[in-house]
Amino acid sequence: MSRTNNSKFIVIEGLEGAGKSSAISLVGDFIEKHTGRLAVCTREPGGTPLAEKMRDLVKIAEENDPLCDEAECLLLYAARAQLVANVIKPALASGDWVLGDRHNLSSLAYQGGGRGLMPLVKVVSQATLGDFKPDLTIYLDIDPELGLKRAANRGELDRIEKQALDFFERARATFLEIADSDDTIAVIDAGQTMAEVHKDILALLQSQEW
Ligand code: T5A
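Okay, so let's go over this structure. If you're wondering where the values come from, they're calculated on a predicted model, not measured in any experiment. (Residues numbered from 1 in each chain as written. Predicted model: local features only at pLDDT ≥ 70, side-chain atom pairs only at ≥ 80, totals over all residues. Heavy atoms only, no water.)

Things to note about the site of the ligand
Step number 1: Around the ligand, a shell composed of 24 residues is seen, among which Glu-16, Lys-20, Lys-59, Ser-107 and Arg-154 lie nearest.
Step number 2: Between the ligand and Ser-107, the relevant distance is 2.6 Å, taken from an oxygen atom to a side-chain nitrogen or oxygen of the residue.
Step number 3: Relative to its free-state accessible area of 1000 Å², the ligand is covered by the protein chains to the extent of 83%.
Step number 4: Looking at the shell around the ligand, the elements with two or more residues in it are helix H1 (20-35), helix H2 (49-59), helix H3 (69-93), helix H4 (104-114) and helix H6 (144-154).
Step number 5: When residues in the shell around the ligand are grouped by element, the largest group, four residues, is from H4.
Step number 6: A breakdown of the residues in the shell around the ligand according to their chemical character gives six nonpolar, eight polar and 10 charged. (Near = heavy atom within 4 Å. Polar contact = N/O pair within 3.5 Å; in protein donor to acceptor, adjacent residues only side chain to side chain. Areas by Shrake-Rupley, 256 points an atom, 1.4 Å probe, with all protein chains shown as cover. Helix = DSSP H or I, 4+ residues; strand = E, 2+ residues; numbered from the N terminus. Nonpolar A, V, L, I, M, F, W, Y, C, P; charged D, E, K, R; others polar.)

Structure, rendered in structure tokens:
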């Protein structure tokens, strides 16, 4: 991705309960110290008024009209296209750093790996994003059983969180497979204590040539 300024797009990824929320606040603090400016924070699906409406459609189960896998995938990309066009690209163009809670890697892992829709995901990804991608993705890797236990302790599970375990196992395998072949994706062991996870993330951030 070519940009005329030094702005960066950093994304935190991981299965439910991986610890993305606290990682985001840690990385946000790092960005503020490093750049002297607050990062523009986004979440996916969501992050614009229209994209937040699409988030509700994806997360809340409609008993009499279950969302089919293809519609789920297209809604996620519609939300992402809105967010990239109206928030992420303008922020990067103005010199801000953007910190994302999930991005395209989630669709590759959940819809591509979990749902088995990789051909559709690749076509829609190319059509909506082209070669636009994060400068750095921090993937918090967690055993789905442990992650879902943590998420359940935090509150009621949503439509996707209620999927069977093998869905998350396929998603995790896809996260790891893609990370293995892309040197902009760093894998952090999120099964450690929070202090250890944060130490690894800080070491990663400090090792980058910003
Ligand atoms: N989705 C999303 C797709 O299917 N495709 C896509 O393309 C996109 C973008 C989004 C859902 O949509 C799906 C994925 C999701 O199912 P969401 O509400 O944004 O929904 O869900 P998540 O992003 O999964 O949010 P979670 O809150 O579940 O995950 P987090 O943010 O990783 O978890 P967090 O930080 O809240 O931690 C959960 C609990 O664990 C504890 C925390 O204190 C918290 O209580 N915890 C730890 N405990 C012990 N040790 C540690 N190291 C811990 N780290 C965290």
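Here the narrative resumes.
Here we look at unusual backbone geometry
Step number 1: Geometrically, the link from Glu-44 to Pro-45 is a cis peptide bond, its omega value of -5° lying close to zero.
Step number 2: Even without glycine at this site, Arg-102 takes up a positive phi of about 75°.
Step number 3: Inspection of the secondary structure assignment puts Arg-102 in the loop between strand S3 (98-101) and H4.
Step number 4: For Arg-102, a relative accessible area of 13% corresponds to the buried category. (Buried < 20%, exposed > 50% of the residue type's maximum accessible area, 1.4 Å probe, protein only.)

A closer look at the pattern of salt bridges
Step number 1: The full count for this structure, using the stated rule, is 11 salt bridges.
Step number 2: A salt bridge links Arg-37 to Asp-96; the nearest nitrogen and oxygen atoms lie 2.7 Å apart. Taken together, the residues Arg-37 in the loop between H1 and strand S2 (40-43) and Asp-96 in the loop between H3 and S3 connect sequence positions 59 residues apart.
Step number 3: According to the relative accessible area criterion, Arg-37 is partly exposed, its value standing at 42%.
Step number 4: With relative accessibility at 16%, the residue Asp-96 sits in the buried group.
Step number 5: A salt bridge links Lys-59 to Asp-158, with the shortest nitrogen-to-oxygen separation between them at 2.6 Å. Taken together, the positions of Lys-59 in helix H2 and Asp-158 in the loop between H6 and helix H7 (165-180) put the pair 99 residues apart, joining distant regions of the chain.
Step number 6: Look at Asp-158 and you get buried, because its relative accessible area is 15%.
Step number 7: One connected set of salt bridges, linked through shared partners, spans Asp-69, Glu-72, Arg-115 and Arg-159. (Salt bridge = Lys/Arg side-chain N within 4 Å of Asp/Glu carboxyl O.)

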